Amino acid sequence: MDIVYIKGLKVETVIGIYDWEREIRQTVCLDIKMATDIQQAAASEDIDSTLNYKTVSDRLISFIETSEFLLVETMAEEIAQIILDEFGVRWLKLKLGKPGAVPMAQDVGVIIERGERF
(Lines give C-alpha, C1' and ligand atoms only; values in the text may rest on other atoms or scores of the structure.)
Protein backbone atom coordinates (compact mmCIF):
# COMPACT_ATOMS: atom_id res chain seq x y z
CA MET A 1 0.00 0.00 0.00
CA ASP A 2 1.28 3.40 -0.98
CA ILE A 3 0.09 6.65 0.58
CA VAL A 4 -0.68 9.95 -1.10
CA TYR A 5 -1.06 12.63 1.54
CA ILE A 6 -2.20 16.20 2.02
CA LYS A 7 -0.97 17.95 5.17
CA GLY A 8 -2.12 21.24 6.64
CA LEU A 9 -4.87 22.06 4.14
CA LYS A 10 -6.53 25.16 5.64
CA VAL A 11 -10.02 26.18 4.57
CA GLU A 12 -12.43 28.78 5.94
CA THR A 13 -16.02 27.71 6.55
CA VAL A 14 -19.01 28.03 8.84
CA ILE A 15 -18.61 25.45 11.60
CA GLY A 16 -19.90 25.30 15.14
CA ILE A 17 -22.87 24.85 17.42
CA TYR A 18 -23.04 28.31 18.98
CA ASP A 19 -25.07 31.13 17.43
CA TRP A 20 -22.01 33.37 17.12
CA GLU A 21 -20.18 30.61 15.22
CA ARG A 22 -22.99 30.47 12.68
CA GLU A 23 -22.33 34.12 11.81
CA ILE A 24 -18.57 33.92 11.11
CA ARG A 25 -16.14 31.87 9.07
CA GLN A 26 -13.54 29.81 10.92
CA THR A 27 -10.50 27.92 9.71
CA VAL A 28 -10.43 24.15 9.67
CA CYS A 29 -7.20 22.27 9.00
CA LEU A 30 -6.98 18.85 7.32
CA ASP A 31 -4.30 16.18 7.22
CA ILE A 32 -5.25 13.30 4.93
CA LYS A 33 -3.53 10.01 4.13
CA MET A 34 -5.02 8.06 1.21
CA ALA A 35 -4.12 4.52 0.18
CA THR A 36 -3.31 4.04 -3.48
CA ASP A 37 -0.90 2.25 -5.78
CA ILE A 38 1.66 4.61 -7.32
CA GLN A 39 3.60 2.03 -9.37
CA GLN A 40 1.91 2.72 -12.71
CA ALA A 41 2.31 6.47 -12.31
CA ALA A 42 5.95 6.08 -11.31
CA ALA A 43 6.65 3.94 -14.38
CA SER A 44 4.80 6.16 -16.85
CA GLU A 45 5.17 9.58 -15.18
CA ASP A 46 1.54 10.16 -16.17
CA ILE A 47 -0.44 12.25 -13.66
CA ASP A 48 -3.65 10.57 -14.81
CA SER A 49 -2.28 7.26 -13.51
CA THR A 50 -2.18 8.37 -9.90
CA LEU A 51 -4.28 9.92 -7.18
CA ASN A 52 -3.78 13.61 -7.89
CA TYR A 53 -3.47 15.45 -4.57
CA LYS A 54 -4.14 18.81 -6.31
CA THR A 55 -7.46 17.55 -7.70
CA VAL A 56 -8.45 16.11 -4.31
CA SER A 57 -7.46 19.36 -2.56
CA ASP A 58 -9.40 21.52 -5.01
CA ARG A 59 -12.52 19.36 -4.60
CA LEU A 60 -12.34 19.49 -0.81
CA ILE A 61 -11.69 23.24 -0.71
CA SER A 62 -14.72 23.85 -2.91
CA PHE A 63 -16.90 21.57 -0.77
CA ILE A 64 -15.79 22.94 2.60
CA GLU A 65 -15.96 26.62 1.62
CA THR A 66 -19.59 26.26 0.50
CA SER A 67 -20.74 24.00 3.36
CA GLU A 68 -22.00 24.73 6.85
CA PHE A 69 -21.76 22.17 9.66
CA LEU A 70 -22.54 22.14 13.35
CA LEU A 71 -19.98 19.44 14.22
CA VAL A 72 -16.48 18.61 12.99
CA GLU A 73 -17.57 14.95 13.20
CA THR A 74 -20.19 15.49 10.49
CA MET A 75 -17.77 17.42 8.30
CA ALA A 76 -15.14 14.69 8.65
CA GLU A 77 -17.61 11.99 7.61
CA GLU A 78 -18.73 13.99 4.57
CA ILE A 79 -15.13 14.65 3.49
CA ALA A 80 -14.20 10.99 3.90
CA GLN A 81 -17.19 9.93 1.80
CA ILE A 82 -16.23 12.32 -1.02
CA ILE A 83 -12.69 10.91 -1.11
CA LEU A 84 -13.85 7.29 -1.03
CA ASP A 85 -16.63 7.72 -3.60
CA GLU A 86 -15.17 10.21 -6.06
CA PHE A 87 -11.50 9.25 -6.09
CA GLY A 88 -11.63 5.47 -5.75
CA VAL A 89 -9.62 5.48 -2.54
CA ARG A 90 -10.03 2.24 -0.57
CA TRP A 91 -8.65 3.52 2.76
CA LEU A 92 -8.02 6.91 4.28
CA LYS A 93 -7.03 8.51 7.53
CA LEU A 94 -8.34 12.02 8.06
CA LYS A 95 -7.45 14.48 10.78
CA LEU A 96 -9.81 17.45 10.91
CA GLY A 97 -8.80 20.20 13.31
CA LYS A 98 -10.47 23.39 14.41
CA PRO A 99 -7.60 25.55 15.66
CA GLY A 100 -8.65 28.26 18.07
CA ALA A 101 -11.82 26.49 19.21
CA VAL A 102 -10.39 25.99 22.70
CA PRO A 103 -8.38 29.03 23.79
CA MET A 104 -5.70 27.13 25.71
CA ALA A 105 -5.24 24.43 23.03
CA GLN A 106 -3.32 24.69 19.80
CA ASP A 107 -5.90 22.54 18.00
CA VAL A 108 -8.90 20.28 18.64
CA GLY A 109 -10.81 17.98 16.33
CA VAL A 110 -11.23 14.39 15.21
CA ILE A 111 -9.19 11.69 13.52
CA ILE A 112 -11.07 9.04 11.55
CA GLU A 113 -10.10 6.08 9.41
CA ARG A 114 -12.43 4.71 6.76
CA GLY A 115 -12.18 1.85 4.32
CA GLU A 116 -9.88 -1.15 4.35
CA ARG A 117 -6.11 -1.20 4.22
CA PHE A 118 -4.71 -3.41 1.53
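Everything quoted here is computed from the prediction, not taken from an experiment.

Q: An account of the nonpolar core is needed here, citing residue identities and associated values.
A: Within soluble globular proteins, side chains that are nonpolar generally end up buried alongside one another. Counting residues in each nonpolar core, the largest one holds 29 residues, and the members touching the most others are Leu30, Met34, Leu60, Ile64, Ile79 and Ile83. Among the elements of the structure, strand E1 (2–15), strand E2 (26–36), helix H2 (53–65), helix H3 (72–87), strand E4 (91–97) and strand E5 (109–115) are those that each provide at least two residues to this core. Excluding anything up to four places from it in sequence, Met34 contacts Asp2, Ile3, Val4, Ile6, Leu51, Val56, Ile83, Val89, Trp91 and Leu92.

Q: Outline unusual backbone geometry, supporting the account with residue identities and numerical values.
A: Even without glycine at this site, Glu45 takes up a positive phi of about 55°. Checked against the element boundaries, Glu45 lands in the loop between helix H1 (39–44) and H2. A relative accessible area of 74% places Glu45 in the exposed class.

Q: Lay out the pattern of salt bridges with the relevant residues and their values.
A: In total, this model carries six salt bridges according to the counting rule given. The shortest N-O distance in the salt bridge between Lys98 and Glu21 comes to 2.8 Å. Taken together, the residues Lys98 in the loop between E4 and E5 and Glu21 in the loop between E1 and E2 connect sequence positions 77 residues apart. Residue class for Lys98 comes out buried when judged on its relative accessible area of 9%.

Q: Can you lay out a positive patch on the surface for me, pointing to particular residues and giving the numbers?
A: Together, Lys7, Lys33, Lys93 and Lys95 make up a positively charged patch on the protein surface. Looking at the element boundaries, Lys95 is found in strand E4. Residue Lys95 is classed as partly exposed on the basis of its relative accessible area of 37%.

Q: So, the environment of Glu113: which residues are in play, and what are the values?
A: Within the secondary structure, Glu113 sits in strand E5. Classification of Glu113 by relative accessible area gives partly exposed; the value is 39%. When the C-alpha positions of Glu113 and Met34 are compared, they lie 9.8 Å apart, and in sequence the two are 79 residues distant. When neighbours within four sequence positions are excluded, Glu113 is seen to be in contact with Trp91, Leu92 and Lys93. At 3.0 Å, the side chain of Glu113 and the side chain of Trp91 are in polar contact.

Q: How would you summarise the packing of aromatic side chains if you had to cite specific residues and measurements?
A: For the structure shown, the criterion picks out one aromatic pair. Each ring, one from Phe63 and one from Phe69, has its centre 6.0 Å from the other, and the planes form 55°; the classification is tilted. According to the relative accessible area criterion, Phe69 is buried, its value standing at 11%.

Q: Summarise the sheet that holds strand E3 (residues 68–69); cite the residues concerned and give the values.
A: Taking strand neighbours across the sheet as the criterion, the five strands line up as E3-E1-E2-E4-E5 in an open arrangement whose pairing is mixed. The sheet is open, and its two borders are formed by E3 and E5, each paired with just one other strand. Across seven bridges, E4 lies against E5 in antiparallel orientation. Looking across to E5, one finds that Leu94 is bridged to Ile112. Sitting on the sheet, H2 is in contact with E1, E2 and E3, with an inclination near 20° to E1.

Cut-offs applied
Residues numbered from 1 in each chain as written. Predicted model: local features only at pLDDT ≥ 70, side-chain atom pairs only at ≥ 80, totals over all residues. Heavy atoms only, no water. Core = buried A, V, L, I, M, F, W, Y, C linked by side-chain atoms within 4.5 Å. Buried < 20%, exposed > 50% of the residue type's maximum accessible area, 1.4 Å probe, protein only. Helix = DSSP H or I, 4+ residues; strand = E, 2+ residues; numbered from the N terminus. Contact = heavy atoms within 4.5 Å. Salt bridge = Lys/Arg side-chain N within 4 Å of Asp/Glu carboxyl O. Patch = residues over 30% accessible without salt bridge, like charges linked within 9 Å, V, L, I, M, F, W, Y side chains within 5 Å. Areas by Shrake-Rupley, 256 points an atom, 1.4 Å probe, with all protein chains shown as cover. Lys, Arg positive; Asp, Glu negative; His and termini not counted. Charge placed at Lys NZ, Arg CZ, Asp CG, Glu CD. Polar contact = N/O pair within 3.5 Å; in protein donor to acceptor, adjacent residues only side chain to side chain. Phe/Tyr/Trp six-rings, centres within 6.5 Å; stacked < 30°, edge-to-face > 60°. Pairing = 2+ DSSP bridges. Axes fitted to C-alpha atoms, helices over the stretch in contact; angles between N-to-C directions.

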